[in-house]
Every structure is written in C-alpha cells, then in structure tokens.
Amino acid sequence: MLGYAGALLIFAGGTLAGLAASGMYRLRAAQLEAFCKLIAHIRAQIECYRAPLDAIYIGYRNEVLEACGFLGAARTSDGARALEACRGRLYITGDELCELEKFFASLGRHGAGEETSHCAYFEKRIGDFAAACRGELPKRARLCRTFGMLGGFLLAILLL
Amino acid sequence: MNGRGQLPVVLTDSLPDVLLAELYGLVDSGRIRFGDLNEVRLRTGRPASLTCAGENRVLAAKITPAQMEECVTRLCRGSVYAHGETIREGYLMAEGGLRVGVCGRCDEGSGSVREITSLNIRIPHMVRDVCGGVYRRCLQSGRAASMLIYSPPGVGKTTLLRDLAARLSGEGGRRVALIDTRGELYIPEMFADSLCDLLVGYSRARGIEIATRTLSPEVIVCDELGDADEARAILSAQNTGVPIIASAHAASVGELLRRPNIRMLHEAGIFDCYVGLGRERINGRLSRCFSFTFTDREALCSDMPVRC
C-alpha cells in the first residue's frame with residue numbers, strides 16, 4: 001500500500017518537475033519580451049523627449065521586470081547594476097544575458113542619435129532571441145512535460 | 001565642517017577616484033581651503049588642475065579617455081544625450097546647480113561634440129552679505145536703480161549678483177526676475193522665502209522679453225551682457241520702465257563703454273550707475289571682501305563727449 005502511495009507521489013513529483021521546467025522556459029520567453037519592450041520604450045523616450053534614464057525607469061511599468069527585481073534596482077541605480085543585481089532571478093541564457101549587459105553598459109553615454117541607433121540594434125537582437133524562444137516554446141513545453149511524466153513513471157515503476 | 005564634507009556630492013560621485021583621492025588629500029591637509037576652490041579642471045591625457053583663489057594648481061592625477069567618459073556620464077546622471085543641447089553650447093548643468101564647461105572635438109556640420117576632452121567644473125559657493133554697498137546704492141531713492149556691474153573675469157561678479165538678487169527679493173521685498181542662462185546664479189538655499197522668479201536656460205534676450213511681458217518684475221537681474229540681441233531686449237524692456245541689474249567684463253568704465261552694445265545702452269540712458277568691482281590680493285590670495293567704485297551716469301555724461 002505504502003509502495004503504491006510512494007510510486008504515485010514520485011510520479012506526481014516527476015510530472016510537476018516537468019511542468020516547472022516548461023514554466024521556466026515560458027518565463028524566459030516572457031523576460032526576453034519584457035526587455036525588448038523596455039528597450040523600445042527607452043528608444044522612443046530618448047528620440048521624442050530626450051528623457052533622462054532615471055526618469056524613464058521611474059515612469060515605466062512591467063510586471064515581469066518588476067517581479068525579477070530589475071526595474072526596482074534600475075530606479076535606484078542604473079541598468080547595468082540592476083541587471084547584475086537580478087541575475088539570479090533571470091531565466092535567460094548566457095548569450096542573451098551577455099547581449100543585455102552590452103546594451104546597458106553603453107546606454108546613456110552618447111548623443112541622442114547614437115543612443116537611438118544603439119537601442120534599435122539591441123531591440124532587434126533581443127527581439128530575435130525572444131521570437132526564437134517563443135517559437136520553440138510549444139515543443140519545449142511538451143518535451144518537458146513528457147520527460148517529467150516519463151521520468152516520474154519510470155522511477156515509480158522502479159520503486160514498485 | 002571638515003573641508004572634505006563641503007565638496008558637493010555630485011562632484012565626489014563623478015570625479016575619477018585617483019583625482020578625488022588627491023583632492024581629499026589637499027583639503028584634509030589644509031593645503032587648500034574649500035572656500036578658495038573655484039574650479040576643478042579635467043583634460044584628457046594631461047594632469048588635472050584646480051583653480052583656487054584665482055590661481056592655478058596642477059595636480060599629479062592624469063585623466064584617461066575612459067575616466068573622462070565616465071566622469072561626463074556620471075555628471076549627466078547616466079544620460080549624456082539629455083544634455084545634448086547644452087553640451088553643444090559648451091556647458092552642462094549637473095545636479096545641484098553645478099555648472100560644467102565642456103569642450104572637445106566638434107562636428108562642424110551638426111555642431112555636436114564628438115569627443116569631450118576638457119571639463120571645467122565650477123564649484124558654487126554660497127557667499128552672502130557681500131553686496132551691502134551696492135544694495136544700499138540700488139535702493140537709495142526708494143525705487144531700484146538700473147546698474148551695470150563690471151570687472152575683469154574671476155573677480156566675483158556672479159557672486160555679487162547672486163547675493164544682490166537674493167537680498168532684493170528677500171529682505172528688500174522686490175519681485176525679482178532672475179535670468180539665469182547657464183544656471184550659475186541660482187542657489188536654492190539663498191532664495192528660500194524670496195520673491196524671485198527664476199528663468200533658467202533661457203537666452204538673456206528671450207528671458208528679458210518673457211520676464212517683462214509676463215512676470216511684471218520690479219527688477220530684472222542677469223549676468224554677462226554681451227551681444228546685440230541682449231542689448232535690444234534691454235532697450236525694449238526699458239519701455240516698461242523695469243530696472244535692470246546686469247554684469248559685463250571690463251577693467252574700467254572706459255573699457256566698458258568702448259564696447260558698442262554697452263555704448264548703445266549707455267546712450268539710451270539704461271543704466272543709472274556703473275559699479276566697478278574689485279578684490280585685493282593679500283599674500284598672493286584674493287581677499288574675500290569686495291571693493292566698489294560707483295560711477296553715476298550723469299557724471300559720465302558730463303565728463304565724456306557722448307550724447308545722453
């Protein structure tokens with residue numbers, strides 16, 4: 001009896017692990033899209049209003065970037081430091097993080113024309129990453145769920 | 001207060017560490033007094049320098065291009081582009097009213113500065129109660145008089161104008177329009193509880209025009225009169241009868257009136273009095289006390305062959 005209960009728990013655990021993994025992948029796509037929107041917003045604010053970065057961060061709202069702590073940190077320091085501070089809560093890959101680091105390291109150091117070009121370049125780069133991630137999401141989510149359930153099932157069988 | 005603690009926070013946050021360490025060393029050891037520190041100058045690839053009590057002091061710290069870029073970025077609070085217009089004009093206004101002169105490699109076509117290679121960070125000092133003689137002379141007849149304050153550069157015209165504007169709009173109870181084109185005149189603490197309207201960043205000509213049309217000031221104060229547009233704006237303001245207190249670079253009244261735009265204003269009878277500003281050198285240091293030379297317009301008209 002206990003054995004069956006244990007096997008059921010293991011199977012459930014495996015399934016949940018699979019769901020969590022697919023959730024992390026979904027979050028990665030959401031974070032990339034959120035950064036892409038932020039870069040677009042920054043570009044528009046610089047182009048139209050020459051708004052300073054601290055004012056841009058203070059006035060900007062985005063649930064995903066608030067949840068990972070980026071916006072909160074950016075409002076009191078700058079984008080580069082904020083990215084460093086929330087690194088542990090980001091689900092993006094090393095390459096994607098590297099691109100964001102390059103973006104924020106150089107942001108705000110040049111004239112308006114160069115800044116808008118800089119923003120446009122990285123908006124496309126991060127946008128491409130986000131689109132690729134979003135495109136693969138259904139397949140990846142299915143894979144994660146399947147492997148999770150399969151792994152849980154196999155372990156349950158072994159226990160039994 | 002420890003001298004080091006008097007350095008503006010925006011300055012200590014922006015300067016390269018190697019320069020800041022040297023500056024702290026000089027202030028802490030008493031080799032320079034904070035009150036004498038007028039400017040901190042950075043030049044890419046060359047030693048930084050200080051201007052203390054009108055004298056140059058070269059430092060050991062050399063500024064690299066990366067340090068210069070970082071300093072400019074911090075002075076602009078991480079948004080250099082937001083200061084593009086003023087940088088094209090040769091300056092930027094940092095936090096706390098710190099005015100920084102900027103120059104470097106300019107793109108002739110667009111007018112934008114491609115590479116900043118020199119910074120002149122001017123340290124504002126809240127100097128009060130230095131305008132006594134000028135203040136009394138200004139209000140001698142009850143109504144504020146129009147005055148032109150002159151001296152060579154670096155003597156303290158801006159310091160005097162600031163104190164005078166604060167006193168006129170505070171204790172004097174006059175509505176003062178302060179045309180602060182480069183953000184050098186206004187220090188918030190000096191104008192608390194005053195009747196001063198502040199026009200920051202406006203050209204002098206436009207600031208005078210807006211002040212006279214919309215603010216009904218009892219006195220207009222502006223710094224560094226120079227060009228024909230400013231002279232025309234003053235002539236136009238004179239139609240409304242608003243007294244103007246301004247400053248100009250000159251070592252003497254004669255030199256002052258040899259400048260065509262100032263001459264034009266003199267002949268139109270704009271200024272009631274010309275105030276020469278001086279400071280003595282004691283043991284090689286500029287004294288903190290100003291001396292004034294008052295020359296009434298009538299005296300000039302009787303002495304000089306000009307049409308009044």
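Residues numbered from 1 in each chain as written. Chains lettered and ligands numbered in written order. Predicted model: local features only at pLDDT ≥ 70, side-chain atom pairs only at ≥ 80, totals over all residues. Heavy atoms only, no water.

So, on to the overall build of chain B. The helix and strand tally for chain B stands at twelve helices and 13 strands. Computed over its C-alpha atoms, the radius of gyration of chain B comes to 20 Å, within 12% of the 19 Å expected for a compact globule of 308 residues. Projected onto its principal axes, the C-alpha positions of chain B cover 55 × 50 × 40 Å. Here chain B, with 308 residues, has 50% of them falling under the buried criterion. (Helix = DSSP H or I, 4+ residues; strand = E, 2+ residues; numbered from the N terminus. Rg over C-alpha atoms; globule rule 2.2 N^0.38 Å. Buried < 20%, exposed > 50% of the residue type's maximum accessible area, 1.4 Å probe, protein only.)

Attention now moves to the packing of aromatic side chains. Aromatic ring pairs are defined here through the distance separating the ring centres and the angle between the ring planes. All names here are of chain A. Applying the stated criterion across every chain yields a total of eleven aromatic pairs over all chains. Both rings, one in F35 and one in F70, keep their centres 5.1 Å apart while their planes meet at 75°; by these two values the pair is edge-to-face. Of the two residues, F35 is situated in helix α1 (residues 2-49) and F70 in helix α4 (residues 70-76); the sequence distance between them amounts to 35 residues. With relative accessibility at 0%, the residue F70 sits in the buried group. (Phe/Tyr/Trp six-rings, centres within 6.5 Å; stacked < 30°, edge-to-face > 60°.)

Per-residue pLDDT for chain B has a mean of 87; in total, 94% of the residues score no lower than 70. Predicted confidence is poor over residues 303-308 of chain B, with pLDDT under 50, and the contacts of this stretch with residues over four places away or in other chains come to nine contacts. (pLDDT = per-residue confidence, 0-100. Contact = heavy atoms within 4.5 Å.)

On the surface, A:R26, A:K139, A:R142 and A:R145 cluster together to form a positively charged patch. Element by element, the count of residues in the positive patch is highest for helix α7 (residues 112-159) of chain A, at three residues. (Patch = residues over 30% accessible without salt bridge, like charges linked within 9 Å, V, L, I, M, F, W, Y side chains within 5 Å. Areas by Shrake-Rupley, 256 points an atom, 1.4 Å probe, with all protein chains shown as cover. Salt bridge = Lys/Arg side-chain N within 4 Å of Asp/Glu carboxyl O. Lys, Arg positive; Asp, Glu negative; His and termini not counted. Charge placed at Lys NZ, Arg CZ, Asp CG, Glu CD.)

Turning our eyes to something else, we now look at helix α4 (residues 65-75) of chain B. Along an α-helix, residues three or four positions apart point the same way, because every turn accommodates 3.6 residues. Listed as buried for α4(B) are B:M68, B:C71, B:V72, B:T73 and B:L75. Buried residues along α4(B) sit in contact with α2 (9-14), β1 (37-43), β4 (91-93), β5 (99-106) and β6 (113-122) of chain B.

Right, let's get into the packing of α1(A) against α7(A). All names here are of chain A. Running from N to C, α1 and α7 point in directions that differ by 175°, and their axes come no closer than 8 Å. On the basis of their axis angle, the class for α1 and α7 is roughly antiparallel. Residues belonging to the contact of α1 with α7 are distributed by class as follows: 31 nonpolar, ten polar and eleven charged. (Axes fitted to C-alpha atoms, helices over the stretch in contact; angles between N-to-C directions. Parallel < 35°, antiparallel > 145°, perpendicular 65-115°, else oblique. Nonpolar A, V, L, I, M, F, W, Y, C, P; charged D, E, K, R; others polar.)

The next point concerns the pairing of strand β8 (residues 176-180) of chain B. Where burial is concerned, most of β8(B) is hidden: five out of the five residues are buried. A two-sided burial pattern is seen for β8(B), the buried positions comprising B:V176, B:L178 and B:D180 on one face and B:A177 and B:I179 on the other.

This brings us to the interface of chain A and chain B. With 15 residues of chain A at the interface, the matching set in chain B holds ten residues. In this structure, the connection of chain A to chain B is made through four salt bridges. Scanning the region where chain A abuts chain B turns up eight residue pairs in polar contact (both at pLDDT 80 or more). At the level of secondary structure, the elements contributing two or more residues to the side of chain A that touches chain B comprise α2 (53-59) and α7 of chain A. A per-class count over the side of chain A that touches chain B returns seven nonpolar, three polar and five charged. (Polar contact = N/O pair within 3.5 Å; in protein donor to acceptor, adjacent residues only side chain to side chain.)

Another aspect to go through is the side chain of B:S146. For B:S146, the location among the structural elements is in the loop between α6 (132-138) and β7 (147-151). With residues up to four places along the chain from it excluded, the contact list for B:S146 reads B:P243, B:I244, B:I270, B:F271, B:D272 and B:C273.

Despite not being glycine, B:D193 has its phi angle at roughly 60°, a positive value. By the element assignment, B:D193 lies in the loop between β8 and β9 (196-200).

Evaluation of the coordinates by the stated rule reveals 31 salt bridges over all chains. One salt bridge in this structure joins A:R75 and A:E66, with 2.9 Å as the shortest N-O distance. Judged by its relative accessible area of 32%, A:E66 falls in the partly exposed class. Taken together, the salt bridges that share partners define one network made up of A:R109, B:E69, B:E70 and B:R74.

Once that is clear, we can look at the environment of B:D36. Among the secondary structure elements, B:D36 is positioned in the loop between α3 (17-28) and β1. Separated by 252 residues in sequence, B:D36 and B:R288 have C-alpha atoms that sit 9.2 Å apart.

Residue and element names in this part refer to chain B. Where helix α8 (residues 204-215) meets helix α9 (residues 228-238), the closest approach of the two axes is 8 Å, and the angle between their N-to-C directions is 15°. Taken as axis vectors, α8 and α9 run roughly parallel relative to one another. Crossing handedness for the pair α8 and α9: left-handed. Contacts between α8 and α9 involve R204, A205, I208 and T212 from the former and D229, E230, A233, I234 and A237 from the latter. (Left-handed = near helix turned anticlockwise from the far one by under 90°.)

The next subject is the environment of A:A80. All names here are of chain A. Here A80 is to be found in helix α5 (residues 79-85). Taking relative accessible area as the criterion, A80 reaches 36% and is therefore assigned partly exposed. Note: C-alpha distance between A80 and K102 (22 residues apart in sequence) is 8.7 Å.

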